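Report on the structure
Single-letter residue listing:
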Amino acid sequence: MKGIVFTEFLDLVEEKFGLEMVDKIITDSNLESNGIYTSIGTYKFSEMLQLLQHLSKNTSIPIDSLLLVYAEHFFSVLKKSYPELFATYNDPIDMLSSIENHIHVEVRKIYPDAELPTFEVIEKTQNSLIMIYKSSRAMHHFGLGLMNKTFEHFNSKATIILEKLNEDGTEVKFLITKN
Ligand code: HEM
């Protein structure tokens, strides 16, 4: 997992819960990096998982809710870092249906070692989109947060239903309908 995902995460934890919480979740975890991250480095996903688990335990907020809020913050980081990718689109459904064959393809060119999910488009109309998310990291709520913000970015609204296709959340169907 890319370092920027860690640095932005810890910045948000500090902003929302204070520096003591950052120290606490790092100390509670067993981290190869010792909790020292640079935005261009690459670190094990298991480190993010431990940080999330400890933050969840200490705040009594479920991991999926933490990931949702974090994704909404991460969206503005992406917007600032990759304005040219956003400029390609003028419609949220078009943008979301292009994650797999355009957006994450470009991400992979910048970061060859990025750990990305797959999004398979099952059905697309002007106002709706059905996609299947697959990733061993089960970060579907991170995806949901990014989708919410994608609609907001285009001054649009949607109803997004998430249907787990397996117990561990590594395969999830997203049913997206523009309001
Ligand atoms: C310009 C737009 C985007 C850029 C530059 C971008 C870039 C990235 C980067 C750098 C990562 C982390 C990879 C790693 O740590 O190894 C990532 C992960 C991810 N991205 Fe994107 N992304 C974009 C848009 C989106 C959108 C709109 C979605 C909406 C569903 C999305 C879904 C995800 C998910 C779910 C992950 C977590 C990894 C996983 O589930 O396996 N991305 N993306």
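Residues numbered from 1 in each chain as written. Predicted model: local features only at pLDDT ≥ 70, side-chain atom pairs only at ≥ 80, totals over all residues. Heavy atoms only, no water.

Focus: the overall build of the protein
For the protein, the count of helices and strands is eight helices and four strands. Element order for the protein, N to C, with α for helix and β for strand: α-α-α-α-α-α-α-β-β-α-β-β. A compact globule built from 179 residues should have a C-alpha radius of gyration of about 16 Å, and the protein, at 16 Å, falls within 12% of that. For the C-alpha atoms alone, the extent of the protein along its principal axes is close to 50 × 35 × 25 Å. Within the span of the protein, comprising 179 residues, buried residues form 49% of the whole. Look at the contacts in the protein between residues 6 or more apart in sequence, and 58% of them connect residues 24 or more apart. (Helix = DSSP H or I, 4+ residues; strand = E, 2+ residues; numbered from the N terminus. Rg over C-alpha atoms; globule rule 2.2 N^0.38 Å. Buried < 20%, exposed > 50% of the residue type's maximum accessible area, 1.4 Å probe, protein only. Contact = heavy atoms within 4.5 Å.)

Thoughts on the site of the ligand
Contacts to the ligand come from 27 residues, most closely from Lys2, His104, Glu115, Tyr133 and Ser135. In this structure, Glu115 approaches the ligand through a main-chain N or O atom, which is 2.6 Å from an oxygen atom. Note that an oxygen atom of the ligand is positioned 2.6 Å from one of the side-chain N or O atoms of Tyr133. The site holding the ligand turns out to be the largest cavity. Mapped by element, the contributors of at least two residues to the shell around the ligand are helix 5 (83–87), helix 7 (99–110) and helix 8 (140–153). In terms of residue count, helix 8 provides more of the shell around the ligand than any other element does, five residues in total. A class-by-class count of the residues in the shell around the ligand yields 20 nonpolar, four polar and three charged. (Near = heavy atom within 4 Å. Polar contact = N/O pair within 3.5 Å; in protein donor to acceptor, adjacent residues only side chain to side chain. 1 Å grid on protein atoms, 1.4 Å probe; cavity = no way out; pocket = protein on both sides within 12 Å on 5 of 7 lines; lining within 4 Å. Sits in = over half its atoms within 2 Å of the grid points. Nonpolar A, V, L, I, M, F, W, Y, C, P; charged D, E, K, R; others polar.)

Looking at the domain arrangement of the protein
Entries for the protein in the domain assignment read domain 1 (3–61) and domain 2 (89–178). Centre-to-centre, using C-alpha coordinates, domain 1 lies 24 Å away from domain 2. (Domains from an automatic or database assignment.)

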